[in-house]
Amino acid sequence: MKRPPTPRIRWGVALVTGVALAGTWTAAAQEAPSGTGPAGAHRATGHRAAPLWRADPAKGSASFEGVETKPGSVTVVDDPAGQHGRSFELHTSGDKIDGPTRVRVETRGHRTAGGPLRFSQEGDVFYIGWRSLWGPLPTKKGDWVVLWQLKDYGSGASTPPLSLRARGDGTVDLEYCDPGLKTTRLWHTGLSLKTWHDFVVGIRISKNPADGWVRLWHDGTAQKLAGGTEQYRAATLRADWVTDKWGVYRSDGVRGQATAWLNSPAVGRSYQDVAPGR
C-alpha cells in the first residue's frame, strides 16, 4: 500500500550552510533510520532544513554549474500556467548544429558558494527535487527525449546511471543503466504536457549495486519501482562523479521545437528538504 505523501512546505531561496570549502566539495549524509517518514529521509517528520542547493531564478542560469545549448536558450520567465512564479525556460529550435551533435538544451550541475556540488563519495545520500512542465515536446516511436538525467563525468564516463525519458508511445519513464550498460525501466507513467508535475529522486551514492539505491516520488507519492519495491538497488556512481541535468536531450530521429520549464530545483539531505511546495 502506498504511503501517504509527506506534507510539503514552500521554501524561499536557501543559502548553503556549514563550512564552505574552496573548489569542488561533497556533503556526507547518513543512512536513514526506518520509520521516520519516507525511507531514506533521515530527519524526523516535521523537521526540515535548508537544502544544500536551490536554484535562484533571480540569478538566471548562474545557479547551475553550466548550461548546454546545442542549439537553444535557458532563460527565466513567468510560469506559463500562472501557478508557480518565475521559472526556468529551456527551449530548442530542434535544428541540429552539426551531424554528430545531438540536439540538447540542458542545465548541468549545481553551483554553490563552496564550488560545484557533485556526488562522488560512497555512502552519501542525496535527494533531488523539482517540478517540470513540458510542451511542445515532439516524440517518435522508437526514439527518446531525456528530460532529466544523473550524468557521469571524469575518467571512464559513458552512460548516465539514471534518465527520465519521454518515449514515442506516450509515456515517460525512469530508466536505470547498470555498470554493464544493461538498462531497466524502473517506473513509467503517461506523458502529460502543459501541466506541472513534481518529482523527487532519492539516491545513495555507490559504485556497488548492492550498496547504492534509488527512490522516486511523483506528485508527492512514493512510487513502486521495478520489482515492486519503493527502493531499488542500483550502482549510482560512475567515473569520478555524477551530477544531474534538466532540459531536453534527444535522439536524432525526433524533429521539431521543444520547451521544458523547470521550477524549484533543489538538492538536499531528505525528501522534506527538497519536495516542491504547492
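The model shown is predicted, which means the values in this text are computed figures rather than measured ones.

Participant: Provide a residue-level description of the nonpolar core, including the pertinent values.
Facilitator: Formed by 46 residues in total, the largest nonpolar core has its most connected members in Phe119, Trp130, Trp148, Leu162, Leu164 and Ile203. The contacts of Trp130, once residues within four sequence positions are left out, are Trp148, Leu164, His197, Asp198, Phe199, Val201, Trp246, Leu262, Asn263, Ser264, Pro265 and Pro276. Core analysis: the second largest hydrophobic core is formed by 10 residues, Val125, Trp217, Ala222 and Ala266 among them.

Participant: Which residues make up the pattern of salt bridges, and what values go with them?
Facilitator: Counting across every chain of the model gives 13 salt bridges. One salt bridge connects Glu68 with Arg108, and the closest N-O pair in it is separated by 3.1 Å. Taken together, the residues Glu68 in strand E2 (residues 66-70) and Arg108 in strand E5 (residues 104-108) connect sequence positions 40 residues apart. For Glu68, a relative accessible area of 10% translates into the label buried. The class of Arg108 is partly exposed, set by a relative accessible area of 22%. Here Lys151 ties to Asp152 by a salt bridge, and the two come within 3.2 Å at their closest N and O atoms. Under the relative-accessibility criterion, Asp152 is labelled buried at 0%.

Participant: Which residues make up the environment of Ala210, and what values do they have?
Facilitator: Tracing the sequence through the fold places Ala210 in the loop between strand E13 (197-204) and strand E14 (213-218). It is 6.0 Å that separates the C-alpha atoms of Ala210 and Arg233, two residues lying 23 residues apart in sequence.

Participant: Describe the environment of Ser251, and please don't skip the residues or the numbers.
Facilitator: Its location among the elements puts Ser251 in the loop between strand E17 (241-250) and strand E18 (258-268). Those residues in contact with Ser251 that lie beyond four places of it in its chain are Arg102, Asp143 and Trp144. At 2.9 Å, the side chain of Ser251 forms a polar contact with the side chain of Asp143.

Participant: How would you explain the packing of aromatic side chains if you had to name every residue and give the values?
Facilitator: One pair of aromatic rings is described through two measures. These are the centre distance and the angle between the planes. What the rule picks out here adds up to 14 aromatic pairs. Three or more aromatic residues joined by ring pairs form one cluster here, namely Trp53, Phe64, Phe88, Trp130, Trp134, Trp148, Phe199 and Trp246. One Lys or Arg, Arg165, reaches over the ring of Trp144 and ends 4.6 Å from the middle of that ring.

Participant: I'd like to hear about the confidence of the model for the protein chain, residue by residue, with values.
Facilitator: On average, residues of the protein chain carry a pLDDT of 87, and 83% of them reach 70 or more. Taken together, the stretch residues 1-45 has pLDDT below 50 and engages in 111 contacts with residues farther than four places along the chain or on a different chain.

Participant: Quick rundown of the pairing of E17? Include the residues and the values.
Facilitator: Counted residue by residue, E17 has 10 buried out of 10 residues, so it is predominantly covered. Residue alternation in E17 divides its side chains into two sets, Trp241, Thr243, Lys245, Gly247 and Tyr249 and Val242, Asp244, Trp246, Val248 and Arg250, and both sets are buried. As judged from the 3 bridges shared by E5 and E17, these two strands associate in the antiparallel manner. Bridge pairing in E17 places Arg104 opposite Tyr249. One ladder, built from 8 bridges, connects strand E9 (residues 144-153) with E17; its direction is antiparallel. Note that in E17 the partner of Leu150 across the bridge is Asp244.

Analysis parameters
- Residues numbered from 1 in each chain as written.
- Predicted model: local features only at pLDDT ≥ 70, side-chain atom pairs only at ≥ 80, totals over all residues.
- Heavy atoms only, no water.
- Core = buried A, V, L, I, M, F, W, Y, C linked by side-chain atoms within 4.5 Å.
- Buried < 20%, exposed > 50% of the residue type's maximum accessible area, 1.4 Å probe, protein only.
- Contact = heavy atoms within 4.5 Å.
- Salt bridge = Lys/Arg side-chain N within 4 Å of Asp/Glu carboxyl O.
- Helix = DSSP H or I, 4+ residues; strand = E, 2+ residues; numbered from the N terminus.
- Polar contact = N/O pair within 3.5 Å; in protein donor to acceptor, adjacent residues only side chain to side chain.
- Phe/Tyr/Trp six-rings, centres within 6.5 Å; stacked < 30°, edge-to-face > 60°.
- Lys NZ or Arg CZ within 6 Å of the ring centre and 35° of its normal.
- pLDDT = per-residue confidence, 0-100.
- Pairing = 2+ DSSP bridges.

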